[in-house]
Amino acid sequence: IRDYDIILGDHPCCSYGPPITIDWDYHQYEPLDINVYEFNNGLSRKSIRELCMNYYQRIRILSEAGFTDVDVKVVMREINRAKVNRTITRKVLAHYPLLKIETAVESACRKFKRLFKEDHWKGEAPNA
């Protein structure tokens, strides 16, 4: 059995407030027989709704873990920046067909300009 510390997360999909996550470090305990565990905890399963935490629960857990309001604000600023970047990416990808057309037009323009440059034909050998 392992017990992981709870830390301030960085995942931008948390709808409101700071995300929490588990740390890489853990505390190892003596192994427990699965049948004993299921006998003692089998009927106390939580529903999905009970597993979700609201903003205030997460703030309380983080403050009990030793995180300050400043720590939370710094992470929230980074998360909001990531959310904005994801929104921009989604909007760009929504117009992806237009992006392909724009790239093709820009490429054609570059090739057309190269064709009419004065030194473009200097590299070719004259026909004899």
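Description of the structure in this document. Since this is a predicted model, take the numbers as computed values, not measurements.

Calculation rules
Residues numbered from 1 in each chain as written. Predicted model: local features only at pLDDT ≥ 70, side-chain atom pairs only at ≥ 80, totals over all residues. Heavy atoms only, no water. Phe/Tyr/Trp six-rings, centres within 6.5 Å; stacked < 30°, edge-to-face > 60°. Helix = DSSP H or I, 4+ residues; strand = E, 2+ residues; numbered from the N terminus. Buried < 20%, exposed > 50% of the residue type's maximum accessible area, 1.4 Å probe, protein only. Lys NZ or Arg CZ within 6 Å of the ring centre and 35° of its normal. Lys, Arg positive; Asp, Glu negative; His and termini not counted. Salt bridge = Lys/Arg side-chain N within 4 Å of Asp/Glu carboxyl O. Contact = heavy atoms within 4.5 Å.

## Some words on the packing of aromatic side chains
Applying the stated criterion across every chain, the model contains three aromatic pairs. For the ring pair Tyr4 and Tyr26, a centre distance of 5.5 Å and an interplane angle of 55° mean the geometry is tilted. Taken together, the residues Tyr4 in strand E1 (residues 2-8) and Tyr26 in strand E2 (residues 20-28) connect sequence positions 22 residues apart. Look at Tyr4 and you get partly exposed, because its relative accessible area is 29%. Residue Tyr26 is classed as partly exposed on the basis of its relative accessible area, which comes to 38%. When the ring of Tyr16 is compared with that of Tyr55, the centres are 5.2 Å apart and the planes differ by 50°; the resulting orientation is tilted. Residue Tyr16 is found in the loop between E1 and E2, and its partner Tyr55 is found in helix H3 (residues 55-64); the two are separated by 39 residues along the sequence. For Tyr55, a relative accessible area of 30% gives the class partly exposed. Ring-pair connections join several aromatic residues into one group, and the members of that group are Tyr16, Tyr55 and Tyr56. Across the ring face of Tyr26, the terminal group of Arg2 is positioned such that the distance to the ring centre comes to 4.0 Å.

## Some points on the side chain of Arg58
Structurally, Arg58 can be placed in helix H3. This buried residue, Arg58, is left without a salt bridge; Asp10 holds the nearest opposite charge, at 13 Å. Residue contacts for Arg58: discarding those within four places in its chain leaves Cys14, Tyr16, Gly17, Pro18, Pro19, Ile20 and Met53.

## Remarks on the pattern of salt bridges
Taken as a whole and assessed by the stated rule, the structure comprises one salt bridge. Salt-bridge contacts for Arg60 lead to Glu64; the nearest nitrogen and oxygen are separated by 3.3 Å. Here Arg60 and its partner Glu64 are both found in helix H3, four residues apart, which amounts to about one turn of the helix. A relative accessible area of 43% places Arg60 in the partly exposed class. By relative accessible area, Glu64 is classed as exposed at 59%.

Shape is all these values report; function is a separate question.
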